[in-house]
Amino acid sequence: MNNRSNVAVAIAPDACVDAERVAHVRSVMPDDELVGDLSEVFGLLADPGRLRLLAALLEGGEMCVCDLAAATGQSMSAASHALRLLRSHRVVKVRRAGRMAYYQLADSHVRLLFDLAITHMRHDGKTSE
């Protein structure tokens, strides 16, 4: 349960509100902290360059920054900066081997999120296959 469940909400007197349904929905809503975290992750994923990096990691598996930059058409600096942001939000993880850094998706949930978004966009007819 979240901290908003006891907050009174002003409703117009003539409004037709299903109080039981509203109470249930409010009781299962994510708390403010989780909503804030989700907002940060979705904001992070709102950048085309970062999405290209994720797409490259989905297809290529573990890749070094050089390969990711080349595959996505980004400079090494831009790719490194984007990967640093993705890593700090636990979207990708890094493995170091000497001076080389190899990136991969943090877990299968990232793949699922990305795949579902692509499926959704294709389903709506906004993106061709």
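Residue numbers run consecutively from 1 along every chain, following the written order of its sequence. Whole-chain, interface and lining totals are the exception, using all residues; otherwise, since this is a predicted model, local features are given only for residues with pLDDT of at least 70 and side-chain atom pairs are given and counted only at 80 or more. Remark: hydrogens and water are excluded; side-chain values derive from all non-hydrogen atoms of the structure.

In the annotation of an unreviewed UniProt entry, the protein chain is listed under the name Metalloregulator ArsR/SmtB family transcription factor and assigned to Herbidospora solisilvae.

Asker: Just to check I follow, could you spell out the sheet that holds strand 3 (residues 100-105) for this structure?
Answerer: Picture the strands of a sheet paired through backbone hydrogen bonds; they go either parallel or antiparallel. Two strands are said to pair when DSSP picks up at least two bridges between them. Secondary structure counts use DSSP, requiring at least four H or I residues in a row for a helix and at least two E residues in a row for a strand, with both numbered from the N terminus. Read across the sheet, three strands follow the order 1-3-2 without closing on themselves; strand pairing throughout is antiparallel. One side of each edge strand has no neighbouring strand; the edge strands of this open sheet are strand 1 (63-64) and strand 2 (92-97). Sheet topology note: the strand 2/strand 3 ladder contains six bridges and is antiparallel. Each bridged residue has a counterpart across the sheet, and for Val 94 the counterpart in strand 3 is Tyr 103. In what follows, residue pairs with any heavy atoms lying within 4.5 Å of each other are defined as contacts. Axis definition: a line fitted to C-alpha atoms, limited for helices to the stretch in contact. Angles are taken between N-to-C directions and run from 0 to 180 degrees. The strands that helix 3 (residues 48-60) touches are strand 1, strand 2 and strand 3; relative to strand 3, the one it contacts most, it runs at about 90 degrees.

Asker: Can you help me understand the side chain of Thr 72 in this one?
Answerer: Locating Thr 72 in the fold gives a position in helix 4 (residues 65-72). In this view, Thr 72 contacts Arg 52, Leu 53 and Ala 56; residues no more than four positions away in its chain are not counted.

Asker: Explain the nonpolar core to me, please; I cannot follow it from the model alone.
Answerer: Side chains of nonpolar character tend, in soluble globular proteins, to be buried together. In this structure, Leu 54, Leu 68, Leu 83, Leu 86, Val 92 and Tyr 103 are the most contacted members of the largest nonpolar core, which totals 22 residues. The element contributing the most residues to this core is helix 3, with five residues. Residues contacting Leu 68, with those up to four places away along its chain left out, are Leu 53, Ala 56, Leu 57, Met 63, Leu 83 and Tyr 103. Buried Ala, Val, Leu, Ile, Met, Phe, Trp, Tyr and Cys residues that are joined via side-chain atoms within 4.5 Å together make up what is termed a nonpolar core. Accessible area is worked out with a 1.4 Å probe on protein chains only. A residue is then buried under 20% of its type maximum, exposed over 50%, and partly exposed in between.

Asker: Explain the packing of helix 4 against helix 5 (residues 76-88) to me, please; I cannot follow it from the model alone.
Answerer: To characterise two packed helices, one gives the angle between the axes of the helices and the distance between these axes. Orientation of helix 4 relative to helix 5, taken along the N-to-C sense of each, is 110 degrees, at an axis distance of 9 Å. Here helix 4 lies roughly perpendicular to helix 5, going by the angle between them. Contacts between helix 4 and helix 5 involve Val 65, Cys 66, Leu 68 and Ala 69 from the former and Met 76, Ala 79, Ser 80 and Leu 83 from the latter. Here the residues of the contact of helix 4 with helix 5 are counted per class, giving seven nonpolar, one polar and no charged. If an angle is under 35 degrees, it is roughly parallel; if it is over 145, roughly antiparallel; if it lies from 65 to 115, roughly perpendicular; otherwise it is oblique. For this classification, the nonpolar set comprises Ala, Val, Leu, Ile, Met, Phe, Trp, Tyr, Cys and Pro, the charged set comprises Asp, Glu, Lys and Arg, and every other residue, Gly included, is treated as polar.

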